[in-house]
Amino acid sequence: MTLWAAIFLVALISIGFKAAGPVLLGDRAMRPRMAGVIALLAPALLAGLVLTDVTGPDWSGIDGTLCAGLAAIAVTYALRMPVLAAILCGVALTAALRLLI
């Protein structure tokens, strides 16, 4: 399978998943509990992807500078900084630590 065929297939599956909700629900409203679960799926998936990317295969590639940058993003976001500013703080800290180490 070529790269473009795989991209096209993933796009079709994504469109199918997105279309399944309105088709199955119709005009009915979703229950609040189910809406809450669906709202939490994206952050949980993102956290899992970030964790596996940071730790590397078999948890052997943990990068301390990257962990410090992620911690900086979490702290600045918790202090109510805008998302872009929090990300820039994390990137700046990671770059500074990598320069120093």
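Every value quoted in this text rests on a predicted model; they were computed, and no experiment measured them.

Engineer: What's the story with the overall build of the chain in this structure? I'm lost.
Structural biologist: A count of helical and extended segments in the chain gives four helices and zero strands. Taken from N to C terminus, the helices and strands of the chain fall in the order α-α-α-α. Computed over C-alpha atoms, the radius of gyration of the chain comes to 19 Å, more than 25% over the 13 Å expected from 2.2 N^0.38 for 101 residues, which places it beyond the range of a compact globule. Seen through its principal axes, the chain has C-alpha atoms that stretch 55 × 40 × 25 Å. For the chain, the proportion of contacts with a sequence separation of at least 24, taken over those separated by at least 6, is 32%. Total accessible area on the chain is roughly 8300 Å²; 77% of this is exposed by carbon and sulfur atoms. Separation between the mean location of the 6 positive side-chain charges and that of the 4 negative ones in the chain comes to 15 Å.

Engineer: Got a minute to help me understand helix 1 (residues 3–25) in this structure?
Structural biologist: Because each turn of an α-helix spans 3.6 residues, side chains separated by three or four positions in sequence point in the same direction. Across its 23 residues, helix 1 extends 34 Å between first and last C-alpha, which sits within 8% of the 33 Å expected from 1.5 Å per residue. Along helix 1, the sharpest change in direction is near 25 degrees and occurs at Ala19; proline Pro22 comes one to four residues later. Positive backbone phi, approximately 65 degrees, marks Gly26, located one or two places after helix 1.

Engineer: I tried to follow the pattern of salt bridges on my own but got confused; where do I start?
Structural biologist: Oppositely charged side chains may form a pair once their charged atoms are brought near each other. Summed over all chains, the structure comprises one salt bridge. Residue Asp63 is joined to Arg98 by a salt bridge in which the shortest nitrogen-to-oxygen separation is 2.5 Å. Taken together, the positions of Asp63 in the loop between helix 2 (32–55) and helix 3 (64–78) and Arg98 in helix 4 (residues 83–100) put the pair 35 residues apart, joining distant regions of the chain. Look at Arg98 and you get partly exposed, because its relative accessible area is 47%.

Engineer: Would you mind going over the UniProt feature "transmembrane region" (unreviewed entry) in the chain with me for this structure?
Structural biologist: When the UniProt feature table is mapped onto this chain numbering, "transmembrane region" (unreviewed entry) sits at residues 34–52. Across residues 34–52, the secondary structure splits into 100% helix and 0% strand, with the terminal C-alpha atoms separated by 27 Å.

Engineer: What is the right way to look at a nonpolar patch on the surface in this model?
Structural biologist: A grouping of Met30, Met34, Val37, Ile38 and Leu41 is seen on the molecular surface, where their side chains present a nonpolar patch of about 460 Å² in accessible area. With respect to the helices and strands, Ile38 occurs in helix 2.

Engineer: How should I be thinking about the packing of helix 3 against helix 4 in this particular structure?
Structural biologist: If you want to describe how two helices pack, look at the angle between their axes and the distance between the axes. Running from N to C, helix 3 and helix 4 point in directions that differ by 155 degrees, and their axes come no closer than 8 Å. Comparing the axis directions of helix 3 and helix 4 gives the class roughly antiparallel. When the axes of helix 3 and helix 4 are compared, the crossing they make is right-handed. Between helix 3 and helix 4, the residues in contact are Thr65, Leu66, Ala68, Gly69, Ala72, Ile73, Thr76 and Tyr77 and Val83, Ala86, Ile87, Cys89, Gly90, Leu93, Thr94, Leu97 and Arg98, respectively. Split into classes, the residues belonging to the contact of helix 3 with helix 4 amount to eleven nonpolar, five polar and one charged.

Engineer: Before we go on, may I ask you to explain unusual backbone geometry in this structure?
Structural biologist: Peptide bonds are trans in most cases, and residues, glycine excluded, mostly fall at negative phi. Phi is positive for Arg80, close to 70 degrees, though the residue is something other than glycine. Here Arg80 is to be found in the loop between helix 3 and helix 4. Among the residues examined, Arg80 registers a relative accessible area of 76% and is labelled exposed.

Rules and cut-offs
- Residues numbered from 1 in each chain as written.
- Predicted model: local features only at pLDDT ≥ 70, side-chain atom pairs only at ≥ 80, totals over all residues.
- Heavy atoms only, no water.
- Helix = DSSP H or I, 4+ residues; strand = E, 2+ residues; numbered from the N terminus.
- Rg over C-alpha atoms; globule rule 2.2 N^0.38 Å.
- Contact = heavy atoms within 4.5 Å.
- Areas by Shrake-Rupley, 256 points an atom, 1.4 Å probe, with all protein chains shown as cover.
- Lys, Arg positive; Asp, Glu negative; His and termini not counted.
- Charge placed at Lys NZ, Arg CZ, Asp CG, Glu CD.
- Expected span 1.5 Å × (residues − 1).
- Bend = angle between axes of the 7 residues up to and from the residue.
- Salt bridge = Lys/Arg side-chain N within 4 Å of Asp/Glu carboxyl O.
- Buried < 20%, exposed > 50% of the residue type's maximum accessible area, 1.4 Å probe, protein only.
- UniProt positions renumbered as here; feature names shortened; annotations may be inferred.
- Patch = residues over 30% accessible without salt bridge, like charges linked within 9 Å, V, L, I, M, F, W, Y side chains within 5 Å.
- Axes fitted to C-alpha atoms, helices over the stretch in contact; angles between N-to-C directions.
- Parallel < 35°, antiparallel > 145°, perpendicular 65-115°, else oblique.
- Left-handed = near helix turned anticlockwise from the far one by under 90°.
- Nonpolar A, V, L, I, M, F, W, Y, C, P; charged D, E, K, R; others polar.

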